[in-house]
Amino acid sequence: METKKKILTYAGLKALEEELENLKVVKRKEVAGKIKEAREQGDLSENAEYDAAKDEQRDIEARIEELEGILKNVEVIVEDDVDLDKINVGCTVKVFDITFDEEMEFKIVGSTEANSLEGKISNESPVGQALLGRTVDEIVDIETQAGTMQYKVLDISRSM
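Please read all numbers here as calculations on a predicted model, not as lab measurements.

So, how was this worked out
Residues numbered from 1 in each chain as written. Predicted model: local features only at pLDDT ≥ 70, side-chain atom pairs only at ≥ 80, totals over all residues. Heavy atoms only, no water. Pairing = 2+ DSSP bridges. Helix = DSSP H or I, 4+ residues; strand = E, 2+ residues; numbered from the N terminus. Axes fitted to C-alpha atoms, helices over the stretch in contact; angles between N-to-C directions. Salt bridge = Lys/Arg side-chain N within 4 Å of Asp/Glu carboxyl O. Buried < 20%, exposed > 50% of the residue type's maximum accessible area, 1.4 Å probe, protein only.

(A) Up close: the sheet that holds strand S5 (residues 120–122). Spatial strand order, S5-S4-S3-S7-S6: 5 strands in an open sheet with mixed pairing. Single-partner strands in this sheet number two, and they are S5 and strand S6 (139–144). The average undirected angle you get between the axes of adjacent strands in this sheet is 45 degrees. Sheet topology note: the strand S4 (residues 102–109)/S5 ladder contains 3 bridges and is parallel. Bridging from a neighbouring strand, Val109 pairs with Ser122 of S5.

In structure tokens:
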């Protein structure tokens, strides 16, 4: 079975690489020190610090494995090369929400980078999928869990 490529912007790639480096270099040493310290306290069967440190170690190793898996199978979108005639991954899109009478701005990113609090929406989300390939002044009907939304595309720009 072929694994689906993860789409990342260059900034997203750098952030994941930095997180991986931090986990491998800094966090592994910290947790190893905690485990060593807890072992020195004696009986491990009733040592909460030891159990907590081992849990943290397991979480760190799982995240390292997850990040390595993502980075092995990644497609990087170079934002400078993105075609601004239509909406693509790596674009910042300004839309007018006709349903709620308000302007909104989204950055279209791969699912790995999506973070609604930062205005980054996944290309795989209902809104992201509906916007991909659309052009300025186009009106888009988007089926969401909250019902059908209507957006008018106002602007397509490069992400800063």
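The rest of the description comes next.
(B) Fine view of the pattern of salt bridges. As enumerated under the stated definition, the model contains 11 salt bridges in all. With its nearest N and O atoms 3.4 Å apart, the salt bridge here joins Lys36 to Glu40. The pair Lys36 / Glu40 is uniform in exposure class, with both members exposed. Here Arg63 and Glu66 are joined by a salt bridge, their closest N and O atoms 3.0 Å apart. Of the two residues, Arg63 and Glu66 are both situated in helix H2 (residues 48–72); the distance of 3 residues between them amounts to about one turn of the helix. The exposure class of Glu66 is partly exposed, given its relative accessible area of 43%. Connected through shared salt-bridge partners, Glu19, Arg63 and Glu66 make up one network.

The values are spatial; any link to function lies outside them.
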